[in-house]
Each structure stands twice: as C-alpha cells, then as structure tokens.
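Reading the structure
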Amino acid sequence: MSLSIIGGRSELGRLLARHRSAGKVLINVAGQDANTLLHDGHAWKGFARAALAGVRRALRADASLLVHASFAFVLGRPRADPLRSIAETILECERLVLAGATPACVVRLGYLYGPESRDLRAYRKAFRIGRPYWAGARDARQYHLHQYDAVSALVAAAKARNAGRILYATDGKPVPFVQFMDDFARRVGNPLPLHVPRIAAPVIRLIVREEHMQQAALAMPSRAPAPRVPGWTPAFADYRKGLDQVVDAWSG
C-alpha cells in the first residue's frame with residue numbers, strides 16, 4: 001500500500017511518494033519546505049496558515065497512524081519574533097497532532113538539504129557568479145539532514161509502537177551555517193565564497209528576511225537531539241558526504 005501524504009507537492013512529499021507502507025499510514029510534511037537554511041527566510045511567509053491547515057487535514061483523514069514531520073530547531077528556543085512566533089506555531093501543531101484521535105508520532109527533522117532542493121540550486125548559481133551571502137554567526141552550530149535521510153526517518157517512524165512520542169532525525173553533528181555553505185561553495189567551483197559583512201545588516205534586510213538572520217544566529221544544543229527514530233541511522237551523518245552526493249547527483 002502506498003503512503004498517504006499531506007504536502008505531497010513539496011520536495012519531501014515527492015520523495016516520499018516513491019515509498020510504500022504496510023498499513024494506512026499518513027505522513028504530514030506540510031510546511032517542511034521552510035525547514036532549511038537555504039531560502040533566505042522567504043519560505044516562512046504564510047507558514048502558520050499552511051502548517052495548521054495541514055494538521056487539520058491530517059486529523060480528519062482516515063489513517064491508522066499519523067507521522068508528523070516537525071522542526072528540530074525549536075530546541076534552540078528562539079527568544080525574539082518573528083522566529084519565536086514560528087516556533088510557537090510548530091509546537092502548537094505538535095500538540096494538536098498528539099492530542100488527536102488518530103495514533104500519532106512527531107519527528108523533528110534537522111535543516112534539510114539535498115539534490116531536490118531548489119534553494120540549494122539557487123545558491124550554486126549565486127556562488128558561481130561570486131555573489132556574497134548572509135553567513136550568520138560562526139559560533140552558532142545547527143543540525144542538518146539530507147533529504148534522503150529525512151524520508152527514511154519518516155518511513156522508519158511509521159510504527160504503532162512510536163505513537164505518542166516525539167522523535168528526532170538529524171545528522172547528529174552540528175556545524176555553523178557558514179561552514180556548511182562555504183564547503184558547498186567550494187564543491188561548485190567557488191574557492192573563496194564571499195560573506196555579507198555584519199555592518200550591512202540594515203541594508204541586506206531588503207533581501208534577506210529577519211527569520212533567516214535569526215535562524216543563522218540560533219545555536220542548537222551540542223549534544224545530538226534524542227530520542228532518535230528507533231532503528232534509523234542517517235546515511236549521510238557527515239554533511240560533507242551529503243554535499244558530495246548532491247553534487248554527484250547533479251552531475252549525473
């Protein structure tokens with residue numbers, strides 16, 4: 001039996017559609033296109049409405065188990081708006097899912113990247129023409145997750161024994177956004193990627209939304225979030241191998 005998916009037109013949704021399920025499993029990935037540091041904050045526009053609508057649709061669906069894809073960055077506990085309000089919406093979605101009539105679990109995913117990412121392709125183009133980017137704080141480490149690992153984690157979580165639980169799927173090794181992106185830039189032919197200077201923050205806000213600037217400065221706990229999805233291990237625990245896979249996939 002194929003999986004039922006809410007958010008099926010998203011990048012994760014299209015990847016999930018290739019998988020099958022042993023029962024009436026519903027996976028909700030509505031809003032997950034925003035779960036990345038690669039979109040300069042613009043994907044958060046309309047997030048609350050879309051995320052809550054996805055949850056309401058999931059709670060009305062006929063399913064034996066609901067797997068709700070959420071966001072690991074809430075562990076960073078953002079203290080200022082607009083990111084604080086986004087985190088509150090994320091937590092409210094989790095509460096609604098776990099309180100619903102359908103047995104459900106929550107899987108908090110690391111920041112997504114992968115070969116299906118339109119935003120990462122846009123960065124490739126920008127790096128090749130030498131465009132600078134907002135790199136964030138060097139001491140703010142975040143957890144990332146390859147899209148393929150996100151899909152395998154959501155599928156692995158779809159077991160009745162996980163109902164009622166909040167689980168995590170990240171690569172387990174936090175790195176600053178600047179390190180992640182500089183390594184990507186070098187893989188696509190830019191050995192010296194340029195960073196927008198901090199002093200330019202008032203001007204760059206015309207292009208980069210405040211949400212992204214807050215995310216790039218939001219440090220996550222140094223210890224890998226737990227509990228991890230039972231029986232799941234990321235294929236790309238080292239983000240550098242994950243980036244290698246992305247570039248290889250594009251080259252192929």
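What counts and what doesn't
Residues numbered from 1 in each chain as written. Predicted model: local features only at pLDDT ≥ 70, side-chain atom pairs only at ≥ 80, totals over all residues. Heavy atoms only, no water. Helix = DSSP H or I, 4+ residues; strand = E, 2+ residues; numbered from the N terminus. Buried < 20%, exposed > 50% of the residue type's maximum accessible area, 1.4 Å probe, protein only. Contact = heavy atoms within 4.5 Å. Lys, Arg positive; Asp, Glu negative; His and termini not counted. Charge placed at Lys NZ, Arg CZ, Asp CG, Glu CD. Phe/Tyr/Trp six-rings, centres within 6.5 Å; stacked < 30°, edge-to-face > 60°. Lys NZ or Arg CZ within 6 Å of the ring centre and 35° of its normal. Pairing = 2+ DSSP bridges. Axes fitted to C-alpha atoms, helices over the stretch in contact; angles between N-to-C directions. Left-handed = near helix turned anticlockwise from the far one by under 90°. Nonpolar A, V, L, I, M, F, W, Y, C, P; charged D, E, K, R; others polar. Salt bridge = Lys/Arg side-chain N within 4 Å of Asp/Glu carboxyl O. Polar contact = N/O pair within 3.5 Å; in protein donor to acceptor, adjacent residues only side chain to side chain. Right-handed = clockwise from strand over helix to strand, strands pointing away.

Let us look at the overall build of the protein. Per the secondary structure count, the protein includes nine helices and nine strands. Dimensions of the protein, computed from C-alpha atoms along their principal axes, come out at roughly 50 × 40 × 30 Å. By the burial criterion, 53% of the 252 residues in the protein qualify as buried. Long-range pairs, those at least 24 residues apart, make up 83% of the contacts in the protein between residues at least 6 apart in sequence. Computing the positive centroid from 36 side-chain charges and the negative centroid from 20, the protein places the two 3 Å apart.

This structure, assessed with the given rule, holds 14 aromatic pairs. Both rings, one in tryptophan 44 and one in phenylalanine 47, keep their centres 4.9 Å apart while their planes meet at 85°; by these two values the pair is edge-to-face. When its relative accessible area of 4% is taken as the criterion, tryptophan 44 is described as buried. Where tyrosine 113 meets phenylalanine 180, the ring centres are 5.1 Å apart and the plane angle is 75°; that geometry is what we call edge-to-face. Here phenylalanine 180 lies in helix 6 (residues 177-187) and tyrosine 113 lies in strand 5 (residues 111-113), a separation of 67 residues in the sequence. Of the two residues, tyrosine 113 and phenylalanine 180, both sit in the buried class. Put simply, the rings of Tyr123, Phe127, Tyr133, Phe177, Phe184 and Trp250 pair up and form one aromatic cluster. Over the aromatic face of tryptophan 250 sits the side chain of arginine 124, whose NZ or CZ is 4.4 Å from the ring centroid.

This part takes up the sheet that holds strand 8 (residues 166-169). One open sheet accounts for five strands, arranged 1-2-3-4-8; its pairing is parallel. Among the strands making up the open sheet, the edge pair consists of strand 1 (4-6) and strand 8. Sheet twist, expressed as the mean angle between neighbouring strand axes with direction ignored, is 25°. In the sheet, strand 2 (residues 25-28) pairs with strand 3 (residues 65-71) via four bridges, with the strands oriented parallel.

Attention now goes to the packing of helix 6 against helix 9 (residues 239-251). At a closest axis distance of 10 Å, the pairing of helix 6 and helix 9 adopts a crossing angle of 35°. Between helix 6 and helix 9 the crossing geometry is right-handed. Contact residues: helix 6 offers Gln179, Phe180, Asp183, Phe184 and Arg187, while helix 9 offers Tyr239, Arg240, Leu243, Asp244, Val247 and Trp250. A class-by-class count of the residues in the contact of helix 6 with helix 9 yields six nonpolar, one polar and four charged.

Tracing the sequence through the fold places aspartate 182 in helix 6. Comment: no salt bridge for buried aspartate 182; closest opposite-charge side chain is arginine 138, at 4.6 Å. A distance of 2.7 Å separates the side chain of aspartate 182 from the side chain of tyrosine 133, its partner in a polar contact. The contact partners of aspartate 182, leaving out residues within four places of it in the chain, are Tyr133, Pro193 and His195.

Here the focus is the pairing of strand 2. Residues Val25 and Ile27 line one face of strand 2 and the alternating positions Leu26 and Asn28 line the opposite face, and both faces are buried. The pairing of strand 1 with strand 2 spans three bridges and is parallel. Opposite isoleucine 5, over in strand 2, you have isoleucine 27 as the bridge partner. Each parallel crossover has a hand, and the one from strand 2 via helix 2 (residues 47-60) to strand 3 is right-handed.

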